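In case you want the letters, here they are:
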Amino acid sequence: MRILSGIQPSGALHIGNYFGMMRPAVALQTEGEALYFVADYHALTSLRDPEMLRANSRRVALDFLACGLNADRATLFRHSDVPQVTELAWILSTVAPMGLLERAHSYKDKLARGMSPNVGLFSYPILMAADILIYDSDVVPVGKDQKQHIEITRDLAVKMNETYGQIFKLPEPRIQPTTETVPGIDGQKMSKSYGNNIDIFGDEKEMRKRVMSIVTDSLAVDAPKDPATSTIFQLYSLVASKDETVDMRERFVKGGTGYGDFKKQLFEKLWEYFAPMRKRREEILKDKSYVDDVLARGAKRANEIANQVMDRVRKAVGLR
Ligand code: ADP
Ligand code: TRP
């Protein structure tokens, strides 16, 4: 089984990325050949600072390693180290119906939030399909927001197979039901671009501040509170033990505890939960060339697979 996923280096990683994608990806690395990449080509649709793109790309790779990616088992690489993927994106675009892309939620959402509609943003799902198909991927661990992109990938694979014969495997999304959409401090989906994120590797003061600014209703301390609709409770249940979660639920329902106290408790747990990752990150940073070495090794392996698949594709469509 081949497992593949990518993450954009468009900012610091947050706990939504961790629970939605990184933790499942790390769990899957022992179940087959895992390939994970830093999607720097994708980040170009929104980030136009070359130094920042380079720095963010290394940092995302570092953070992924700190979060448990084992570079001896899994392949970690930079998107742009496999430029063949842009060739495949072009080939896929020649069979992609306009309507398929016009229906893509993520493009419509980005427009609604005022991003300028460049062609790259519009055709993003085609490049993402190429990312997946070029490695003959079977399983793609992602958060729920990416589900439609995997459906588009499957549609394009089917179109290619119908047109040119059996070229591509059809990949399956792997979405964790309990962490498919982690809420941000305003209760909406946590996202870098919504400014509602709690970062994994921010400093202590910053994380506390973000947690303390989680939006709540204005129920009095004594009033019983609803855990099911509370962002505090939802985040707490991701990082606390079963018993601790049951205990907080009871204290919500009983009344007598204010949101401020619940937030403090959440912050303590979050900080503790990510302590081993912070420690590993410090360790990795001691070896100045470690991240670059991992990425170089990853690029080599990713290219081997991509070259084989591209030979098949070029032959099938009549190039060379
Ligand atoms: P962002 O929305 O912050 O820009 P990305 O689009 O870079 O995040 O997402 C990287 C990965 O993390 C994707 O697989 C995405 O589904 C997952 N992810 C992002 N935000 C969340 C969230 N709030 N809950 C669950 N998964 C998420
Ligand atoms: N679109 C994904 C995101 O914004 C990142 C991504 C790019 C990806 N290519 C991919 C994820 C291929 C899985 C597989 O989060």
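1. Observations concerning the site of ligand 2
Moving on, step 1. Neighbouring ligand 2 are 13 residues, the closest being His-42, Tyr-124, Met-128, Asp-131 and Gln-146.
Moving on, step 2. In this structure, a nitrogen atom belonging to ligand 2 sits 2.6 Å away from a side-chain N or O atom of Tyr-124.
Moving on, step 3. Here a nitrogen atom of ligand 2 sits 2.7 Å away from a polar atom, N or O, in the side chain of Asp-131.
Moving on, step 4. Burial of ligand 2 by the surrounding chains reaches 89%, relative to a free accessible area of 370 Å².
Moving on, step 5. Judged by its atoms lying within 2 Å of the grid points, ligand 2 is housed in the largest pocket.
Moving on, step 6. Among the secondary structure elements, those contributing two or more residues to the shell around ligand 2 are β1 (2-7) and α7 (119-133).
Moving on, step 7. The element contributing the most residues to the shell around ligand 2 is α7, with four residues.
Moving on, step 8. Along the lines of polarity and charge, the residues of the shell around ligand 2 split into seven nonpolar, five polar and one charged.

2. Quick word on the site of ligand 1
Moving on, step 1. Lining the immediate surroundings of ligand 1 are 18 residues, of which His-14, Gly-143, Asp-145, Val-182 and Lys-192 lie closest.
Moving on, step 2. Measuring from an oxygen atom of ligand 1, one finds a side-chain N or O atom of Ser-191 at 2.9 Å.
Moving on, step 3. In the environment of ligand 1, an oxygen atom lies 2.7 Å from a nitrogen or oxygen atom belonging to the backbone of Lys-192.
Moving on, step 4. Given that more than half its atoms are within 2 Å of the pocket grid, ligand 1 belongs to the largest pocket.
Moving on, step 5. Per-element tally for the shell around ligand 1: the top contributor is helix α1 (residues 15-28), with four residues.
Moving on, step 6. Here the residues of the shell around ligand 1 sort into five nonpolar, nine polar and four charged.

Analysis parameters
- Residues numbered from 1 in each chain as written.
- Chains lettered and ligands numbered in written order.
- Predicted model: local features only at pLDDT ≥ 70, side-chain atom pairs only at ≥ 80, totals over all residues.
- Heavy atoms only, no water.
- Near = heavy atom within 4 Å.
- Polar contact = N/O pair within 3.5 Å; in protein donor to acceptor, adjacent residues only side chain to side chain.
- Areas by Shrake-Rupley, 256 points an atom, 1.4 Å probe, with all protein chains shown as cover.
- 1 Å grid on protein atoms, 1.4 Å probe; cavity = no way out; pocket = protein on both sides within 12 Å on 5 of 7 lines; lining within 4 Å.
- Sits in = over half its atoms within 2 Å of the grid points.
- Helix = DSSP H or I, 4+ residues; strand = E, 2+ residues; numbered from the N terminus.
- Nonpolar A, V, L, I, M, F, W, Y, C, P; charged D, E, K, R; others polar.

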